[in-house]
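Residues per chain, in single letters:
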Amino acid sequence: MGVAKPFQISKKLVWESYLRVKARGGGPGVDGETVEDFEAALKDKLYRIWNRMSSGSYFPPPVKLVVIPKNDGRERRLGVPTVADRIAQGVVKLILEPIVEPQFHRDSYGYRPGRSALDAVGKARERCWHNDWVLDLDIRAFFDTLDHQLVMRAVQRYTRCRWVLLYIERWLTAPLQVEDGTLEERESGTPQGGVISPVLANIFMHLAFDTWMVENYPNVPFERYADDVVIHCKTETQVREVHDAIVQRLARCRLEVHPAKTKIVYCRDSNRKGRFAETSFDFLGYTFRPRKAFNHRGKLFTSFSPAVSAKAAKAMRHTMRRQWRIARRTDKDLTDLARMFNPIMRGWIIYYGRFHRSALEPVFRPLDYALVRWAMRKYKKRFKGHKTRTWRWLARLSTQSPGLFAHWGILKAGTAGR
């Protein structure tokens, strides 16, 4: 008879976690092993994960630090676990998530099954119509500064399972491996990029913020996506009171409200004509601000509503210009280009086109300029440097085959290809 394991962990959980990791993909961790590499000895490697977790001898390897430049010149630090460690984290997530999910607040949207960022944007849009003021809350370096002791206390509110707590504590303290191979010890934070990190972040913020808001300001609605929070208030007095109270509350939870990025916003529209320094805010890739719109009677009015943010638009244009380099791909034909880039554009359109879809027109317009340059290079004899003739050709093509490129459905009727 085999020696009984101290922890009873189902092999089925390990298998299910592996399937989820495979579906999500992702790059290799510090060991350089890809999902495909892992699958070369799948049975043995899954057994090793199960055996070590069941015996209490599983210790996570260092997390690979990946630095991503942000649009504002700063950097985002992501931690990429190994494939095996992502599977191990997924096992704990499969145990923990069903326990905490029913407890979470209805307006917590980040990293939750059945909820999305667009749900949060839509709810914020609706509430901005009914509340004059917004507190746009920014928590400084949230994922990097989470206090490990407080995180563990928060998790213990929901489970006393020894092995779940054991491995969460080990993941919290697993070192980061920086680019030169040296290890960076961690005394706080949970790496963005880990499978378990979003669950831990939601547990922490549920107790630190969501539950506290319900207890202290039950009539003040909010939307929270991880650490990105929008709070709606009726009056300026109320929003300032709520701001000060939240700053104090989060400080007690060892989090800092970013003083420069957190702002009070007046939701100015046709019925709210007062003056205030801030009348716009960004939330999940959308900018909320006063915009001209037509009501159901066709009358023009000013609505406080969302559309794709300048940051998101700039990032999309940068991808199209710097990464796609369509004008240089003369080895491809039009159907090749469409097949390569339509899936990405459709994703952008589905997300950023949900609200105020026409704001995407200037984002995609430069793509037609790139297609014209591509055609003039590829068909030199046909167009002979005649840009006007090339534009006419593209305009006819967009009329005859409007579904060839996904962005042509965004451009105003009759103007695609011009």
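This text follows the structure it describes.
Computed from a predicted model, the values in this text were never measured in an experiment.

Conventions and cut-offs
- Residues numbered from 1 in each chain as written.
- Predicted model: local features only at pLDDT ≥ 70, side-chain atom pairs only at ≥ 80, totals over all residues.
- Heavy atoms only, no water.
- Helix = DSSP H or I, 4+ residues; strand = E, 2+ residues; numbered from the N terminus.
- Buried < 20%, exposed > 50% of the residue type's maximum accessible area, 1.4 Å probe, protein only.
- Contact = heavy atoms within 4.5 Å.
- Areas by Shrake-Rupley, 256 points an atom, 1.4 Å probe, with all protein chains shown as cover.
- Phe/Tyr/Trp six-rings, centres within 6.5 Å; stacked < 30°, edge-to-face > 60°.
- Lys NZ or Arg CZ within 6 Å of the ring centre and 35° of its normal.
- Pairing = 2+ DSSP bridges.
- Axes fitted to C-alpha atoms, helices over the stretch in contact; angles between N-to-C directions.
- Core = buried A, V, L, I, M, F, W, Y, C linked by side-chain atoms within 4.5 Å.
- Salt bridge = Lys/Arg side-chain N within 4 Å of Asp/Glu carboxyl O.

Visitor: So, the overall build of the protein chain: which residues are in play, and what are the values?
Guide: Assigned secondary structure in the protein chain consists of 15 helices and 11 strands. Residue burial in the protein chain is summarised as follows: out of 418 residues, 49% are buried. The contacts in the protein chain between residues at least 6 apart in sequence include a share of 68% that link residues at least 24 apart. Working note: accessible area of the protein chain is about 21700 Å², and carbon and sulfur atoms make up 50% of it.

Visitor: Any details on the packing of aromatic side chains? Residues and values, ideally.
Guide: Tallying each qualifying case throughout the model produces 25 aromatic pairs. With 6.0 Å between their ring centres and 75 degrees between their planes, Tyr58 and Tyr167 make a pair best called edge-to-face. You can see Tyr58 sitting in the loop between helix 3 (42-55) and strand 1 (63-69) and its partner Tyr167 sitting in helix 8 (residues 162-173), a full 109 residues away along the chain. Relative accessible area serves as the criterion here: at 7%, Tyr58 is assigned to the buried category. Given the relative accessible area of 0%, Tyr167 is considered buried. Taking 5.1 Å as the distance between ring centres and 80 degrees as the angle between the ring planes, the aromatic pair formed by Phe209 and Phe222 counts as edge-to-face. Taken together, the residues span a long stretch of sequence, with Phe209 in helix 9 (residues 197-216) and Phe222 in strand 6 (residues 222-225) at a distance of 13 residues. Across the pair, Phe222 and Phe209 agree in class, each one buried. Three or more aromatic residues joined by ring pairs form one cluster here, namely Tyr286, Tyr351, Tyr352 and Phe355. Across from the ring centre of Trp50, 4.6 Å away, lies the NZ or CZ of Lys11, which sits over that ring. Against the face of Tyr109 rests Arg115, its NZ or CZ located 5.8 Å from the ring centre.

Visitor: Report on the pairing of strand 3 (residues 133-138), specifying residues and quantitative values.
Guide: Of all six residues making up strand 3, five are buried, and the element is well covered by its neighbours. Where strand 3 meets strand 7 (residues 228-233), six bridges bridge the pair, whose relative direction is antiparallel. Within strand 7, the position partnered with Asp136 by the bridge is Val230. Across four bridges, the pairing between strand 3 and strand 8 (residues 263-266) is antiparallel. Looking at the pairing, Trp133 lines up with Tyr266 of strand 8.

Visitor: Can you break down the sheet that holds strand 7 residue by residue, with the values?
Guide: Ordered by their spatial adjacency, four strands build an open sheet running 6-7-3-8, and the pairing between neighbours is antiparallel. Here the strands that pair on one side only, and so sit at the sheet edges, are strand 6 and strand 8. The average angle at which neighbouring strand axes cross in this sheet is 15 degrees, direction not considered. Sheet strands in contact with helix 5 (residues 117-130) are strand 3, strand 6 and strand 7, and its direction is about 160 degrees off that of strand 6. Sitting on the sheet, helix 10 (residues 236-252) is in contact with strand 3, strand 7 and strand 8, with an inclination near 20 degrees to strand 3.

Visitor: Let's hear about the nonpolar core: which residues, and what values?
Guide: Ranked by internal contacts, the top residues of the largest apolar core, which has 73 residues, are Met53, Ile231 and Ile246. The contact partners of Ile231, leaving out residues within four places of it in the chain, are Trp133, Val134, Leu135, Leu137, Phe209, Met213, Val220, Pro221, Phe222, Val242 and Ile246. By size, the runner-up hydrophobic cluster in this structure holds 53 residues, among which are Val121, Tyr286, Leu334 and Trp374.

Visitor: Could you give an account of the sheet that holds strand 10 (residues 286-294), with specific residues and numbers?
Guide: Reading across from one edge, 9-10-11 is the order of the three strands in this open sheet, with antiparallel pairing throughout. With one partner strand each, in any of the chains shown, strand 9 (281-283) and strand 11 (300-308) form the two edges of the open sheet. Looking at each pair of strands side by side, their axes are set apart by 50 degrees on average, direction ignored. With nine bridges joining them, strand 10 and strand 11 adopt antiparallel strand pairing. By the bridge assignment, Thr287 is partnered in strand 11 with Ala307. Against the sheet, helix 5 makes contact with strand 9, strand 10 and strand 11, and its axis sits at roughly 55 degrees relative to strand 10, the strand it touches most.

Visitor: Explain the pattern of salt bridges to me, using residue names and the numbers behind them.
Guide: Tallied over the entire structure, the rule returns 16 salt bridges. Put simply, Arg272 and Asp132 hold a salt bridge, and the shortest N to O gap is 2.7 Å. A residue pair is termed long-range when its members are at least 10 positions apart, and Arg272 in the loop between strand 8 and strand 9 and Asp132 in the loop between helix 5 and strand 3 qualify at 140 residues. With a shortest N-O distance of 2.5 Å, Arg339 and Asp336 are connected by a salt bridge.

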